[in-house]
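What the coordinates show
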Amino acid sequence: MACLSPRRVTKALPASSRHNTILHPVKRIKPSVPRACNMHELSIATAIVETAQRHAEGKPIEGITVRIGPFSGVVKESLVFYLDLLLEEKERPKAHIEIIHAKANATCPCGASFQISSAMTPCPSCGDYNIRCSDGRDCTIESIEVTS
Amino acid sequence: MTQTIRVEEAALARNDLAAQENRRLFDSLGLIAVNMISAPGSGKTSILEFLGQRLGKQLAVVTGDIQTTFDADRINKSGAECVQVETGGGCHLTAEMVAAALKKLDLSQARLLVIENVGNLVCPAIFELGEHGKIAVLSVAEGHEKPAKYPSLFVRAQAVAINKIDLLPYVDFNLEQAESDCRKLNPEARIFRTSCRTKEGMEELSRYLTTASAWTAHRQ
């Protein structure tokens, strides 16, 4: 996410003229973020392409496989949209993108162990919602395909 | 010829590394660091004003907004140490933004750092900033279904402040449903009912936020 590194860090003096009662100087920073970078899937897609390019070591990227957990907060369609855009721009059009929905491992105080694919799922054994999930928040680049 | 290369790397590995650096700084300073997340207008800044009046410079705040310094103006006036991050369109704070903001803060007296994220129930939840834990703020005017509709945040938040509780008689907010959904999403979540106007629940919330063991014992 090189695009998110701060461009400039400024102490704003004086405070906004619309707030003419302000008594304290306000410290502020304005990191350099592309204007279009306002959905987190774009930040994530950018990071994925950077990682893929590092592993590809200059070879053309043909495909990327990404695994997302049910609590990753990532919307598959949105991620694919941005990956398509970025790969078309930086690599080649029609790169193969595969998104795998991983399940999360959960345990219940009743002793049951099971897998779930969404939040607010009750224990299949006792019906209680008091379950613990050990994973499911990940968004992981599983593999890439390159032309060798 | 096509070759498959195993990667197995987190998409946000770079952000996570920066978050770990932030965490090291917090721990070396003995700071409790809390990531405060909510929709716009739920009362994050009002809660921080209350805390600022109590704690003064013992409270440091990194506050994120798309633009303006309105929030930092208010928090500074309350007596806390504050820096405004203007993301210029970015809908969440990243660990690198927080690292840059921390350099502008005088943390010499601080014991609690609150990172007031950009008002948004979606994106801020998934970017780790190095915090010890997250608190979600939900105002009753937003509707009781928000925890169920935005699970990414509420499965991660170790505490939830149901704010503007004084407005309960005037809105169709099912408190029982909201609290029950919060518990289904995170059975260990600590839930507070707060009002910055009547001060209901505010002392309790303040005590919780400033109790190191409440945050450092929690698994990220």
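The following refers to the structure shown.

**Observations concerning the interface of chain A and chain B**
Contact with chain A, which involves 60 residues of that partner, is made by 57 residues of chain B. When chain A packs against chain B, close to 5,000 Å² is buried across both sides, 58% of that on carbon and sulfur atoms. When the shortest N-O distance is used, the salt bridge between R28(A) and E86(B) registers 2.4 Å. Run the count over chain A and chain B and you get 20 residue pairs in polar contact (both at pLDDT 80 or more). Every element with two or more residues in the side of chain A that touches chain B is listed here: β1 (6-12), β2 (26-31), α1 (40-56), β7 (132-133) and β8 (139-147) of chain A. Sorting elements by how many residues they give to the side of chain A that touches chain B places α1(A) first, with ten residues. Of the residues that constitute the side of chain A that touches chain B, the class distribution is 28 nonpolar, 18 polar and 14 charged. Alignment of β2(A) against strand β4 (residues 81-86) of chain B, held across three bridges, turns out to be parallel. Residue pairing in the sheet places K27(A) in a bridge with V83(B) of β4(B).

**Observations regarding the sheet that holds β7(A)**
All names here are of chain A. Strands sit in the order β6-β5-β7 across an open sheet of three strands; the sheet is antiparallel. With one partner strand each, in any of the chains shown, β6 (113-116) and β7 form the two edges of the open sheet. Where strand β5 (residues 104-107) lies against β6, four bridges are found, and the strand directions are antiparallel. Bridge assignment links T107 to a residue of β6, and that residue is S113.

**A closer look at the pattern of salt bridges**
In total, this model carries 19 salt bridges over all chains according to the counting rule given. Measuring nitrogen to oxygen at the nearest pair gives 3.0 Å for the salt bridge that ties R67(A) to E8(B). Of this pair, R67(A) sits in strand β3 (residues 61-68) while E8(B) sits in strand β1 (residues 2-10), which puts the two residues in different chains.

Rules behind the numbers
- Residues numbered from 1 in each chain as written.
- Chains lettered and ligands numbered in written order.
- Predicted model: local features only at pLDDT ≥ 70, side-chain atom pairs only at ≥ 80, totals over all residues.
- Heavy atoms only, no water.
- Contact = heavy atoms within 4.5 Å.
- Buried area = accessible area lost by both parts, 1.4 Å probe.
- Salt bridge = Lys/Arg side-chain N within 4 Å of Asp/Glu carboxyl O.
- Polar contact = N/O pair within 3.5 Å; in protein donor to acceptor, adjacent residues only side chain to side chain.
- Helix = DSSP H or I, 4+ residues; strand = E, 2+ residues; numbered from the N terminus.
- Nonpolar A, V, L, I, M, F, W, Y, C, P; charged D, E, K, R; others polar.
- Pairing = 2+ DSSP bridges.

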